[in-house]
Amino acid sequence: MEFAAETLAFLAAIAFLAGTIDALAGGGGLLTLPAMMAAGVPPVAALATNKLQSTIGTASAFHTFWRAGHVDLRQFAVPAAAAFAGSALGATAVQHISSAFLAAFMPVLLIAMGLYFLLAPPMSQVDRHARMGRAGITLIVAGIGFYDGFFGPGTGSFLTLALVALGGLGLVRAIANTKLLNLSTNVAALIAMVAGGHVLWQLGAVMAAANVAGNQLGARLAIRFGGSGIRPLLVLMSAALTIKLLADPANPLWTLF
């Protein structure tokens, strides 16, 4: 696909904002996926290209958190492997589902994401006693990994919430180790999408450069201030993007009524 310069500039700006939000609290895909679809990118290609730009951006944020000493590679190596496997399965499954179904289903998922961000309990800033052992965390992470490979938006927030509520980590440590897990899910999904030939490389490269810049800004803000303040913005953005998709009379969802 070919894109006009103003379209590329718009999507790059969205990718920058999404990268900043992703590094802080996750959920950047709530911005990039609907934006790409609004620009005319087919659903599966949007998912695939989003994985390319988010993988590179997440790798950048992970490196920043790791250098700051917030990532525990030993503790989360096995969960990261489980996340990789789950995401590979999800990314393979989504390529065998109709694009019309995905386009119709996306507003439903966006509404669910918005409700999650609105209703989820506040996250602690300090480490607490873990409610679940490594085996349980690994199983949950594998399930979230499948979701990330299949759809993706909100994965970082789901992972962070699991590490805080069940793993007992403080918010900044949870966000940092989420980057390791999310990088694993992104790489797995990207490999599956590349194998399926769905990635739009030119668009992905432009958005990836902007996403890296956003992730660097967000990671530094998270290390210094924590990521809880971004949640109201995610609720508003989720609602706005849902309304935008539902306002399109060509959305296949309307054929169900």
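None of these values were measured; they are calculated from a predicted model.

Student: Just give me the short version of the UniProt feature "transmembrane region" (unreviewed entry) in the protein chain, but keep the residues and values in it.
Tutor: Here the UniProt-annotated "transmembrane region" (unreviewed entry) positions come out as residues 100–120, 132–150, 187–210 and 230–247. Note that residues 132–150 is 89% helix and 0% strand, and that its end C-alpha atoms are spaced 26 Å apart. Along residues 187–210, the helical share is 79% and the strand share 0%, with 19 Å between the first and last C-alpha atoms.

Student: Which residues make up the packing of helix α3 (residues 43–67) against helix α8 (residues 171–195), and what are the values?
Tutor: Where α3 contacts α8, the axes come no closer than 8 Å and their chain directions differ by 150 degrees. What the angle tells us is that α3 and α8 run roughly antiparallel. The crossing of α3 and α8 is left-handed. Contacts from L47, A48, K51, L52, S54, T55, T58, A59, A61, F62 and F65 of α3 reach α8 at I175, A176, K179, L180, N182, L183, N186, V187, A189, L190 and M193. Along the lines of polarity and charge, the residues of the contact of α3 with α8 split into 15 nonpolar, five polar and two charged.

Student: Can you lay out the nonpolar core for me, pointing to particular residues and giving the numbers?
Tutor: Residues M36, V41 and L203 are the most contacted members of the largest nonpolar core, which totals 30 residues. Counting residues per element, the ones that place at least two in this core are α1 (5–25), α2 (29–38), α3, α6 (134–150), α8 and α9 (201–225). Take this core: its biggest share by element is seven residues, from α1. Once you skip the residues sitting within four places of it in the chain, L203 turns out to touch F3, L8, L11, M36, V41 and T49. I144, L171, I175 and A222 belong to the second-largest nonpolar core, a separate cluster that totals 27 residues.

Student: Any chance you could break down the pattern of salt bridges for me, citing the residues and the numbers?
Tutor: Using the criterion set out here, one finds one salt bridge in the structure. Linking D148 and K51 is a salt bridge whose minimum nitrogen-to-oxygen distance equals 2.6 Å. With D148 in helix α6 and K51 in helix α3, this pair connects stretches of sequence that are 97 residues apart. Neither residue differs from the other here; D148 and K51 are each classed as buried.

Student: Any chance you could break down a nonpolar patch on the surface for me, citing the residues and the numbers?
Tutor: Among the surface-exposed residues, I111, L115, L118 and L119 lie close enough to one another that they form a single nonpolar patch of about 410 Å² accessible area. Turning to its location among the elements, L118 is positioned in helix α5 (residues 99–119). With a relative accessible area of 54%, L118 lands in the exposed category.

Student: Explain α3 to me, using residue names and the numbers behind them.
Tutor: With 25 residues, α3 ought to run about 36 Å at 1.5 Å a step, and its terminal C-alpha atoms sit 36 Å apart, in line with that. Burial within α3 is extensive, with 20 of its 25 residues counted as buried. Of the residues one or two after α3, G69 is the one with positive phi, at around 85 degrees.

Student: I'd like a description of the packing of aromatic side chains, backed by residues and values.
Tutor: Ring pairs (aromatic) are described by centroid distance and by the angle formed between their planes. Here the structure, examined in full by the defined rule, presents two aromatic pairs. With 6.3 Å between their ring centres and 10 degrees between their planes, F146 and F150 make a pair best called stacked. Of this pair, F146 and F150 both sit in helix α6, four residues apart, which is roughly one turn of the helix. Taking the relative accessible area as the measure of exposure, F146 reaches 36% and is therefore partly exposed. For F150, a relative accessible area of 17% translates into the label buried. A centroid spacing of 5.6 Å and a plane angle of 70 degrees characterise the contact between Y147 and F158, whose relative ring orientation is edge-to-face.

Criteria and cut-off values
- Residues numbered from 1 in each chain as written.
- Predicted model: local features only at pLDDT ≥ 70, side-chain atom pairs only at ≥ 80, totals over all residues.
- Heavy atoms only, no water.
- UniProt positions renumbered as here; feature names shortened; annotations may be inferred.
- Helix = DSSP H or I, 4+ residues; strand = E, 2+ residues; numbered from the N terminus.
- Axes fitted to C-alpha atoms, helices over the stretch in contact; angles between N-to-C directions.
- Parallel < 35°, antiparallel > 145°, perpendicular 65-115°, else oblique.
- Left-handed = near helix turned anticlockwise from the far one by under 90°.
- Contact = heavy atoms within 4.5 Å.
- Nonpolar A, V, L, I, M, F, W, Y, C, P; charged D, E, K, R; others polar.
- Core = buried A, V, L, I, M, F, W, Y, C linked by side-chain atoms within 4.5 Å.
- Buried < 20%, exposed > 50% of the residue type's maximum accessible area, 1.4 Å probe, protein only.
- Salt bridge = Lys/Arg side-chain N within 4 Å of Asp/Glu carboxyl O.
- Patch = residues over 30% accessible without salt bridge, like charges linked within 9 Å, V, L, I, M, F, W, Y side chains within 5 Å.
- Areas by Shrake-Rupley, 256 points an atom, 1.4 Å probe, with all protein chains shown as cover.
- Expected span 1.5 Å × (residues − 1).
- Phe/Tyr/Trp six-rings, centres within 6.5 Å; stacked < 30°, edge-to-face > 60°.

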